[in-house]
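Structure at a glance
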Amino acid sequence: MGTEHSKNEERRSMVFLRKGPKLPAWEDALLAGREPKSLLKRGLRYVSLSLIMKGMTSTPDFLWGLHEVQKLNLSRNQLVVIPPSLGKLDRLVVLNLGGNCLKCLPKEIGLLRNLKVLFVNMNCLKEVPAELSLCRKLEVLSLSHNCISQLPLSFTDLTSLRKLNLSNNRFVQIPLCIFALRSLDFLHLGSNKLENIAESIQYLVNLQIFIVENNNIRSLPRSLCYISTLELLNADYNAIQTLPDDLYLLHRLRRIAWNPMDKGLHIAHNPLSRPLPEVVEGGLDVLFNYLRDKKEHN
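Going by the annotation in an unreviewed UniProt entry, the name recorded for the chain is LRC30 protein, with Chaetops frenatus given as the source organism.

What follows is the structure, encoded as structure tokens:
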């Protein structure tokens, strides 16, 4: 009788524990007095820490004492602010803050001099601190799905930047500082409010992928045709009526592409003037021959 009573009490306790209030997300990993450093994973390349999808509304204080961490993932939480203490993690190489509720970044982010990859996509940013340009080793930067309309001129100092995603923001024109980023091979400006592409685009001499889909662009500049490295040009869903005669110079565009993931020329869902719609249906070779002949006869 006593044994059965004890078992019933144990079952009720277990039910209570399951239904009780949840511990703060990081504390469940620190039960039994585990040291915060035990959360770190030591891989072949990086010492990493992942606190993805932990329901955090603020960052745990112990985090800023983990000076060894090189790869930090705080994505898909509900963080509203990142404190200045971020600057203490000066060994960071990869930082993922995507999918939070951040309205700004601390200027101390400029202290992360070893940072190479930064994701701050899907937040509520309206601006980017000029101090980010002090991260001279930065190679990959995603600021997509925010509310940004301009970038600081100091971004010209990010000379190592190769991949930049500014899609789903509020840019009316391509920021001038971007044209100084000569190492860029990937530039995504889709789903903004662009009405044109400046002739200065030609200075991005290493650009391989250029995406400007879903904007209000009315024409493609002739200078775009001189970026011989282009392998993917996506201008779908714009207001383009004519194409530059020199487009045939982009010899690395292999096809008229219809699948968003394919390389080639994406020009669908534009009000192209006749006979361009029929010419495009014939494929890229037909289009290039048409534009070449048109240029010769002008």
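The alternating pattern of strand 2 (residues 47-50) places Val-47 and Leu-49 on a buried face and Ser-48 and Ser-50 on a face that is not buried. Summarising the sheet, strand 1 (residues 41-42) and strand 2 pair through two bridges and their orientation is antiparallel. Its bridge partner lying in strand 2, Lys-41 is registered against Ser-48. Linking two consecutive strands that pair antiparallel, namely strand 1 and strand 2, is a turn of four residues. Examined bridge by bridge, strand 2 and strand 3 (residues 71-73) share three bridges and lie parallel to one another.

Turning to the layout of surface pockets, a few remarks are in order. Remark: the empty space left among the atoms is shown by a probe the size of a water molecule rolled over them. Of the volumes computed, that of the second largest pocket is approximately 170 Å³. Residue assignment for the lining of the second largest pocket shows that the elements contributing at least two residues are strand 8 (186-188), strand 9 (209-211) and strand 10 (232-234). Within the lining of the second largest pocket, the residues separate by chemical class into six nonpolar, two polar and one charged.

Another aspect to go through is the sheet that holds strand 1. Picture the strands of a sheet paired through backbone hydrogen bonds; they go either parallel or antiparallel. Spatially, the eleven strands line up as an open sheet ordered 1-2-3-4-5-6-7-8-9-10-11, and their pairing is mixed. Each having just a single partner strand, strand 1 and strand 11 (264-266) make up the two edges of the open sheet. Two elements, strand 4 (residues 94-96) and strand 5 (residues 117-119), share three bridges in a ladder whose sense is parallel. Across the sheet, Val-94 pairs through a bridge with Val-117, a residue of strand 5.

Moving on, we come to the environment of Pro-271. Summarising the element assignment, Pro-271 is placed in the loop between strand 11 and helix 2 (276-281). Separated by 32 residues in the primary sequence, Pro-271 and Ala-239 have C-alpha atoms spaced 6.1 Å apart. Every residue in contact with Pro-271, bar those within four places of it in the chain, is listed here: Asn-238, Ala-239, Ile-240 and Gln-241.

Definitions and limits used
Residues numbered from 1 in each chain as written. Predicted model: local features only at pLDDT ≥ 70, side-chain atom pairs only at ≥ 80, totals over all residues. Heavy atoms only, no water. Buried < 20%, exposed > 50% of the residue type's maximum accessible area, 1.4 Å probe, protein only. Helix = DSSP H or I, 4+ residues; strand = E, 2+ residues; numbered from the N terminus. Pairing = 2+ DSSP bridges. 1 Å grid on protein atoms, 1.4 Å probe; cavity = no way out; pocket = protein on both sides within 12 Å on 5 of 7 lines; lining within 4 Å. Points joined across faces, edges and corners; volume = space filled by probe spheres on them. Nonpolar A, V, L, I, M, F, W, Y, C, P; charged D, E, K, R; others polar. Contact = heavy atoms within 4.5 Å.

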